[in-house]
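A look at the structure
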Amino acid sequence: MQSETPKKIFSSLLVIILDVNPAQDTLLSGEIKLSSILSSVVAFANSHLMLRTHNKVAVLASDPNSCDFIYSDQDELDFKKKTVSSCKMGGSQYELFSHIDRSIKFNIVKFLKDAAEEPHMSRDTVFGASCAKALCYINRLQSNLFPGETMNSRILIISGCDNEGDKYIRCMNTFFTAQKQNVAIDVCSLTHDVTLLKQACYITEGSYFRMPKLEGLLLYLQWIFLTEPSSRKKLVIPLAPQLDFRPFCFCHGTLTAIGFVCSLCLTIYCKISPICTTCEAVFKVRSAIAVKPKKKKIKTTSVNN
């Protein structure tokens, strides 16, 4: 008898990187509360799970000092171990959605308490480390797929910070790694236009969107980022903004069109530097050698007597 071919299973993995940096202008000005952003993220994650049975979601919190998962597959496994009778439902809410809501809210409080004990030395969120951790998580789940199972993976960054040049090489390395792994990076900016994150969306063929109003966060998330990147061409979504391809210099953190690049670590400077501040390489600057002028030969004329 012929062996039955395994059924093809299609799934989609969404990793949400939530920026909880307390130095965000949206949180400092009080225009929107973190609890409101968190509620929109939970509702958006539940909407992603409702699209397909085998869809998966993970949420990662990030700040200037660290990043960690506040919901992952481990929380889902803990939920499956419990019986349905032990899961308390809120009204007519689905048990898994209630579990995601409780897990994210509990873990975000724990993450913020641990982050409060560390001094915030910078306003810049560690997007490079967050994307690297998300890519490792995606790689682990893809390596554990069953025969006949395919999974599309993507990353969504929700941030209100204005990162412009912090850890530029680290971020660009993770962006190009995501491109090789066919992982699209989407960005939902709450306030500022971030050139570095625009470049991430361009490299990985993701979508970038800046919020016009903070009140409709869930509406914009479901409108633009709920569908797969391959299906967005059939929808009417905002056009991608103009992208500035100029790199950031490491000495001042500003965009530069012409600069000096370290041959070892590819650090970019807007002005020449004898020592690289990243890898401490010493550059040999060739001094101009003074060229001695050649003596002109004096022609002697013979006088005929």
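A brief look at the structure comes next. Predicted, not measured: the structure shown is a model, and the values here were computed from it.

Topic: the pattern of salt bridges
Following the criterion strictly, the structure yields seven salt bridges and no others. Between D73 and R140 there is a salt bridge whose closest N-O contact spans 3.3 Å. With D73 in helix α3 (residues 73–81) and R140 in helix α5 (residues 127–143), this pair connects stretches of sequence that are 67 residues apart. Residue R140 is classed as partly exposed on the basis of its relative accessible area, which comes to 38%. A salt bridge links D186 to R232, with the shortest nitrogen-to-oxygen separation between them at 2.7 Å. Here the residue D186 occupies a position in strand β5 (residues 184–189), and R232 occupies one in the loop between α8 (217–224) and β7 (260–261), the gap between them amounting to 46 residues. R232 shares its class with D186; the two are buried. Residues joined by salt bridges that share partners form a network here, namely R154, D186, E228 and R232.

Quick word on unusual backbone geometry
Negative phi characterises most residues that are not glycine, and trans characterises most peptide bonds. In this structure, N182 is a non-glycine residue whose phi angle is positive, near 60 degrees. The residue N182 is located in the loop between α6 (168–180) and β5 in this model. For N182, a relative accessible area of 70% translates into the label exposed. Here the phi dihedral of E205 falls at roughly 60 degrees; this positive angle occurs in a residue that is not glycine. Mapped onto the secondary structure, E205 falls in the loop between α7 (195–204) and β6 (208–210).

Details of the sheet that holds strand β2 (residues 56–62)
Spatially, β3-β2-β1-β4-β5-β6 is the arrangement adopted by the six strands of the open sheet, whose pairing is mixed. In the strand order of this sheet, the two ends are held by β3 (67–71) and β6, each with one partner. For this sheet, the mean inter-axis angle between neighbouring strands, taken without regard to orientation, is 20 degrees. Pairing of β5 with β6, which is carried by three bridges, proceeds in the parallel orientation. Across the sheet, residue V187 finds its bridge partner in β6, namely Y208.

Looking at the environment of S12
The residue S12 is located in strand β1 (residues 9–19) in this model. Distance from S12 to H54, taken between C-alpha atoms, is 7.4 Å for residues 42 residues apart in sequence. Ignoring anything within four residues of it in the chain, the contact list for S12 reads H48, R52, N55, K56, M151, N152, R154 and E228.

How each quantity is defined
- Residues numbered from 1 in each chain as written.
- Predicted model: local features only at pLDDT ≥ 70, side-chain atom pairs only at ≥ 80, totals over all residues.
- Heavy atoms only, no water.
- Salt bridge = Lys/Arg side-chain N within 4 Å of Asp/Glu carboxyl O.
- Helix = DSSP H or I, 4+ residues; strand = E, 2+ residues; numbered from the N terminus.
- Buried < 20%, exposed > 50% of the residue type's maximum accessible area, 1.4 Å probe, protein only.
- Pairing = 2+ DSSP bridges.
- Axes fitted to C-alpha atoms, helices over the stretch in contact; angles between N-to-C directions.
- Contact = heavy atoms within 4.5 Å.

No statement about biological role is implied by the geometric values presented.
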